[in-house]
Structure formats: C-alpha cells, structure tokens
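Each chain, letter by letter, is given below.
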Amino acid sequence: SSDKAKVDKKDLIEVITTTKPSVVYQLAFDRWLLQTQQKENFATVPATIDGRLMTGLALGGTLETGVTTQHSYGMPMLAGSSVKGAVRAYAENLFSQKNAEGKVLLKKDDKGIDRTVIDPAMKPILDTLFGTEEDIEQASAGYLVWHDAWLIPALTKEGKYSTSEDAKPFAEEIVTVHHQCYYADTKGEVEPLDMESPVPNQQLAVQGSFYFV
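As a starting point, this report considers the structure included with it. The shown structure was predicted, so the numbers you read here are calculated from the model rather than taken from an experiment.

1. Focus on the nonpolar core
- Grouped together as the largest cluster of nonpolar side chains are 19 residues, with contacts concentrated most on Y25, W150 and F210.
- Secondary structure elements with two or more residues in this core: helix 2 (23–35), strand 5 (149–152), strand 7 (199–206) and strand 8 (209–212).
- Top element by residues in this core is helix 2. It accounts for four residues.
- Ranked by size, the runner-up nonpolar core spans five residues in total, among them A91, F95, I118 and L126.

2. Remarks on the pairing of strand 8
- The pairing of strand 1 (residues 45–48) with strand 8 spans four bridges and is classified as antiparallel. Across the sheet, residue T48 finds its bridge partner in strand 8, namely S209.
- With three bridges joining them, strand 5 and strand 8 adopt antiparallel strand pairing. Note on strand 8: the bridge partner recorded for W150 is Y211.

3. Focus: the environment of K98
- One can find K98 in the loop between helix 3 (80–94) and strand 3 (106–108).
- For K98, a relative accessible area of 38% gives the class partly exposed.
- Along the sequence, K98 and K6 sit 92 residues apart, while their C-alpha atoms lie 48 Å from each other.
- Contacts of K98, omitting those with residues within four sequence positions, involve N93, K103, V104 and L105.
- Among the polar contacts listed, one links the side chain of K98 to the backbone oxygen of N93, at a separation of 2.9 Å.
- A polar side-chain atom of K98 sits 3.0 Å from a polar atom in the side chain of S96.

4. Here's the deal with the sheet that holds strand 5
- An order of 1-8-5-2 is seen for the four strands of this open sheet, with the pairing classed as antiparallel. Single-partner strands in this sheet number two, and they are strand 1 and strand 2 (77–78).
- Strands strand 5 and strand 8 of the sheet are contacted by helix 2, whose axis makes an angle of about 125 degrees with strand 5.

5. Describing helix 2
- Along its 13 residues, helix 2 runs 19 Å from first to last C-alpha, staying within 8% of the 18 Å computed at 1.5 Å per residue.
- Those residues of helix 2 that sit buried are Y25, Q26, A28, F29 and W32. In an axial view of helix 2, the angular spread of the buried residues amounts to 165 degrees, which keeps them on one side of the axis. What points out from helix 2, more than 90 degrees from its buried face, is the exposed set V23, V24, L27 and L34.
- Here the buried face of helix 2 lies against strand 5 and strand 8.

6. Thoughts on a nonpolar patch on the surface
- Where nonpolar side chains cluster on the molecular surface, the patch consists of I125, L129 and L144 and spans about 220 Å² of accessible area.
- Structurally, the position occupied by L144 is in the loop between helix 4 (123–130) and strand 5.

7. Digging into the environment of I13
- Considering the arrangement of structural elements, one finds I13 in helix 1 (residues 2–16).
- Along the primary structure I13 and L94 are separated by 81 residues, whereas in three dimensions their C-alpha atoms are 39 Å apart.

What counts, and at which threshold
- Residues numbered from 1 in each chain as written.
- Predicted model: local features only at pLDDT ≥ 70, side-chain atom pairs only at ≥ 80, totals over all residues.
- Heavy atoms only, no water.
- Core = buried A, V, L, I, M, F, W, Y, C linked by side-chain atoms within 4.5 Å.
- Buried < 20%, exposed > 50% of the residue type's maximum accessible area, 1.4 Å probe, protein only.
- Helix = DSSP H or I, 4+ residues; strand = E, 2+ residues; numbered from the N terminus.
- Pairing = 2+ DSSP bridges.
- Contact = heavy atoms within 4.5 Å.
- Polar contact = N/O pair within 3.5 Å; in protein donor to acceptor, adjacent residues only side chain to side chain.
- Axes fitted to C-alpha atoms, helices over the stretch in contact; angles between N-to-C directions.
- Expected span 1.5 Å × (residues − 1).
- Arc of directions from axis to C-beta.
- Patch = residues over 30% accessible without salt bridge, like charges linked within 9 Å, V, L, I, M, F, W, Y side chains within 5 Å.
- Areas by Shrake-Rupley, 256 points an atom, 1.4 Å probe, with all protein chains shown as cover.
- Salt bridge = Lys/Arg side-chain N within 4 Å of Asp/Glu carboxyl O.

Have a look at this one:
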C-alpha cells in the first residue's frame, strides 16, 4: 500500500542519513589530495554548502530522485559536468551583452530556444575555457578538465577525521508539492488552485564541504 511505501521510504532515508565516510574513502580522498597538489597542472578550491544541496534530481532512483554518489565509495559527489555547466552559466552572465537597464540580452536560436547574447570580444575566452557549441563545425570540449568534486570528510579540532554527527554527509529533507494535480496534468486542463492539500515528500539532500579540481 502507499502508506507502507511511505514508511519504508522513511526508514530507508533514516538508514542512509546515518552513513559516514569509511576509512577506505578517507584513504582515497587523501590520495586524490596528493595527486592534485601539482599547481602547474591543477587548480583546486574547497567550498562549503550553505545549508543543504540537492543534486542529481533528474537521474531517478530508489527514492524517486537521486543523489549523485561515487560508485566505489558510496559518498556524495558533484559531477564534473554539473560543475562545468554551473560555472559556464555564471561566465556567460559575466560575458553577456546587456541593455540600458542592465538586463541580459536574449536571442532565439534555430530551435527557438532563448540564448544569452555573448560579447563578441569575450566569445573566444568562453570557447577556450568551456568548449564550443556541439552543432558547429570543429566543435571542441574546451581546454579545462572539470573533475568531480569530492566530499571533504569532516575533521576534528586535532585535524583527524571525525566520527561525530557533523561527519554525516546525507541529510533528510522534505519537498512539499502544493499543486499535485496541476503538475501531474499533461493536457493543460488543471489550474493550480489553493484548495489542494500540500503533499510532503521526503527526499535526500547533501551537506558539508566539497573539494573542487
């Protein structure tokens, strides 16, 4: 029954949120740190999530939506392709042409999709860092390799890996759908009315810090 499925899902999330980085993961992370310390080949930065993060939602999985994890170690990661896409979107905003009010100019492409109008002087920089469009001649992937961002295991004040509550990378989160019938409608016949009961939906989120390379 649906009630039992909700209970099973809650129990599974509670199990996952007690998971901590294993000794094997800590050793693998140390190895990755050492491998990426060559400053002439790598640029690195640690960053902490402000609150909680949901990643890999479109992948699907046991809990309806996924959290991207490393196959070998079971710890959350931020896929290099996602990091590249996020940074490119930020760079396109910086390099975009803007109107008198400071709003980004948009132009429809051949498929009718709105695209940011890039400053021609900045286009070569964007292409070098992130690659060119796939549908043009001599398309390239860019000169930078964007690696997956690894979870940084929590440390104690003594600098050792922590086994406390702060060391847990997975967190329980709730996404509440307020207009379930409206979102489920595929024919455009249902309006998002305020008379519907909200539907709490338990999900997994990620917390902590990540090491970007």
